[in-house]
Structures are given as C-alpha cells and as structure tokens.
Amino acid sequence: MSTLPYPHEFHDVDDETNARVKRLVPGLAEGAMTIGKDRYFYPKKDHEAFHKMYNYPLDERDIWVVTMPKCGTTWTQEMVWLIANDCDFKGAQSNLVPDRWNFLEMSYLVLASDVRAKSVAWEGIKANPWKMPQILWLGLKMAWPRKYYPPRFIKSHMPFSMLPPKLLDTCKVVYVARNPKDALVSYYHHHKLIKMMDFEGTFEEFFDLFLENKVVQAPFMPHVKEAWEKKDHPNLLFLFFEDLKSDLKGNIRRVGDFLGKTLSEEQVEQLYEHLKFDNFKKNPYVNNDPLKELGILSTTGNFVRKGKTGDWKNHFTPEMDARMDAWIKENLRGTDLSFQTELKHQD
C-alpha cells in the first residue's frame, strides 16, 4: 500500500511559550510544537509518528471513538464496546485500555516528552521493583495494538484532519463533544492525575493556557467544528456529553441503531445500570486503577472523576465565566453549533 504524504506543517512554538509550558508541565520538558493551520499543540516529538498515524491501516470492521480529551471518551468507549459485543459484561471485566481498546496516540508515544515518559517509568520501577515486569508488559501492550488484526476498537483525541483521510468512508466513528467549561475543569484535574503531564500550576494558569490553545491536543473549538461539519456523514454519529447525561437510555438506543445492533429492553436496562455514572466511576476496569499501582497515575484522584455537567461553577470565578462566554461566542461565530453548560436533569 502506498503511503500518503502528510498534509500538515510542523511549527516550533516561540521561546516564551516554551519556557512557560516547560515550567508548568513536566510532560513538556522538551518543549512543544504545533501542527497544521489550526496549530494543534503537542510535545515536541519526531514527526514520523504523525505520518504513521495519518496512514494508519483501516478496516471496515473497526469502530472508532474520537473526542477532545475529557469529553466522555471512556464512558462512550465502554458503551460502544458492550453494544458491539452483544452486552458481553463478562468480557468487559478486563481493562478498557489496552486490553479492549487501542489508544492511537499512546501507541505512538506522542502525548508526553520521551524524557518525562522514561522518568515516570523509572520512578515506578524504583518504587515498586518487584512490579518491573508489569510496567514493561504494560508498555508493550500499549504499543502492540498498532498491529492488532481487525475488528479493532480504536480511540483517538486527534482531529479528523490528522487522522486517516478515508476514515469515515471506511469505519464507523462515534464523536463526542462536551461543553468547554466542564471539559476544561476535567482536563485540569486530568493533568494533575497523569504523571506523564503532572501539571504544577494553578487552576487559573491552566485556564489561561486552555483559552490560548496551549494545552496538549488543543485547540478545542477547531477540533469540535471539524467533526460538526461532518455530522451528516452516514458513518459518523455525533453525540453530546450533555445528551448522554440527560437521556442515557435514549442514547444507548441511538448507538445501538448506529452500530446495527437491536437491543432488547432488558439489555438497555442492563447497559443503563452499568453506565450510570455513580456505578461507572466505581468500575476498576475503566478507572485505570492498575496504573496507580505502577506509579503512572497519582494515588490521589480517579481517572473517571465526577462526570457532572455544571461542575465548572465550583471552579470558575465570575471573571473567568465572562471570559469563557466571550471565547465561546467568538469561536462559534458563523456556525450553528452550541453547547449546554447546565442541565435540569442528569442520569
């Protein structure tokens, strides 16, 4: 198979930005770069990995979940996997990633600097030398899914423009968007939890970086708008996190219809109970608990956190809220896209 040329240019960020993110984010110890006209923000890495992901082999049996980080990805992955596998709850008693899903960017090691990744692995081995085989085996499993044979379940936080160009013509894709206020809060806590990133700044500093598109895998709005423009493609199901929260059963049925699966009322009820957030956040197979034992996640906090719409009100000052509202308005100008930042009812 011929390899497609990579259509995006790579750009170094300015010295001031590099100094700032290096100070705040150990995961960017080697600096940052941006990709393409929308300047998607990544650790400074070898460009070849992005070429390979753009040319990732596709198969019509594969199912993808694509989101910006902290927009309901894990929740949706579990739903999609169970529906596609005929509600095999026993089979779901294995780690979501890497046992059941391939995390594309993690497979190609582009989410943190090599120095930071090696440092975290080494610290984990020093703290738990008897677990070295587990740490090494986890690393191998994270990389190995690149070579899994179809049908595969693949998650990515990259925008459609950086993914294989024939993706939607070949595979079923579920895209999930979330209001940026709650996504920002959740991504802040995620940066504190993941030792690969280990954010050392304040919430106010993270807020500024997010609005300036200087957090890993930003900018938020172009990512969502790229997907929104494709929402009518028959192989794309565009979901909102807030719709999942307000009508989980209805959206379980929508996903079932999209995947060509007829769900009984009993199956919908089983999925609903399994996916209700109070139950879901206690599920060790989606919460990456083994990564805490291996020193890859902080022991304080959980991978699956609150899952609430409106939690931003517990973090934003009135000035932040006004800035974010203006930012949203400016970025949505000329589109029919909108977000719900509060809900009267949440499943």
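In case you missed it, the structure is sitting above this.
Quick notes on the rules
Residues numbered from 1 in each chain as written. Predicted model: local features only at pLDDT ≥ 70, side-chain atom pairs only at ≥ 80, totals over all residues. Heavy atoms only, no water. Core = buried A, V, L, I, M, F, W, Y, C linked by side-chain atoms within 4.5 Å. Buried < 20%, exposed > 50% of the residue type's maximum accessible area, 1.4 Å probe, protein only. Helix = DSSP H or I, 4+ residues; strand = E, 2+ residues; numbered from the N terminus. Contact = heavy atoms within 4.5 Å. Pairing = 2+ DSSP bridges. Axes fitted to C-alpha atoms, helices over the stretch in contact; angles between N-to-C directions. Parallel < 35°, antiparallel > 145°, perpendicular 65-115°, else oblique. Left-handed = near helix turned anticlockwise from the far one by under 90°. Nonpolar A, V, L, I, M, F, W, Y, C, P; charged D, E, K, R; others polar. 1 Å grid on protein atoms, 1.4 Å probe; cavity = no way out; pocket = protein on both sides within 12 Å on 5 of 7 lines; lining within 4 Å. Points joined across faces, edges and corners; volume = space filled by probe spheres on them.

(A) Representation of the nonpolar core in the model. Grouped together as the largest cluster of nonpolar side chains are 69 residues, with contacts concentrated most on W64 and F220. Examining the composition of this core, we find that six residues originate from one element, helix α10 (residues 203-211), more than from any other. The contact partners of F220, leaving out residues within four places of it in the chain, are M68, C71, R178, N179, P180, A183, F210, N213, W327 and F339. In terms of nonpolar packing, the next biggest core, distinct from the first, is built from 35 residues, L82, A92, F258 and L259 among them.

(B) Spotlight on the sheet that holds strand β7 (residues 172-177). As summarised here, the arrangement of the five strands in space is β5-β6-β4-β7-β8, forming an open sheet in which the pairing is parallel. Edge strands, defined here as strands with exactly one partner in the open sheet, are β5 (102-103) and β8 (236-240). Where helix α13 (residues 248-258) meets the sheet, it contacts β7 and β8, and its direction lies at approximately 170° from that of β8.

(C) Geometry of the packing of helix α11 (residues 220-228) against helix α17 (residues 318-331). One can describe the packing of α11 onto α17 by two numbers: an axis separation of 11 Å at closest approach and a directional angle of 40°. It follows that α11 is oblique to α17 by the angle criterion. Where α11 crosses over α17, the handedness of that crossing is right-handed. Of α17, the residues touching α11 (which contributes F220, M221 and K225) are W327, I328 and N331. Tallied by class, residues from the contact of α11 with α17 come to four nonpolar, one polar and one charged.

(D) Structural detail: empty space enclosed by the protein. Applying the stated criterion to the full structure yields two cavities of 30 Å³ or more. Taken as a whole, the largest cavity holds about 40 Å³ of empty space. Taken as a whole, the second largest cavity holds about 30 Å³ of empty space. What lines the second largest cavity is simply M68, P69, A183, Y187, F210 and F220. Per-class residue counts for the lining of the second largest cavity are six nonpolar, no polar and no charged.

(E) Representation of the packing of α13 against helix α14 (residues 265-275) in the model. Packing of α13 against α14 leaves a shortest axis separation of 10 Å and a crossing angle of 120°. In terms of axis orientation, α13 runs oblique to α14. Read as a crossing pair, α13 and α14 show a hand that is right-handed. Every residue of α14 that contacts α13 at L248, K249, I252 and R253 is listed here: E265, V268, E269, L271, Y272 and L275. Looking at the contact of α13 with α14, its residues break down into six nonpolar, no polar and four charged.

(F) Local environment of the sheet that holds strand β1 (residues 10-12). In space, the three strands of this open sheet follow the order β1-β2-β3, with antiparallel pairing throughout. Among the strands making up the open sheet, the edge pair consists of β1 and β3 (40-43). Pairwise comparison of adjacent strand axes, ignoring direction, gives a mean angle of 35° for this sheet. In this structure, β1 lies alongside strand β2 (residues 32-35), joined through three bridges in antiparallel fashion. Within the sheet, the bridge partner assigned to D12 lies in β2 and is M33.

(G) Structural detail: the environment of S264. With respect to the helices, strands and loops of the structure, S264 is situated in the loop between α13 and α14. In this structure the C-alpha to C-alpha distance between S264 and R253, which are eleven residues apart in sequence, comes to 9.6 Å.

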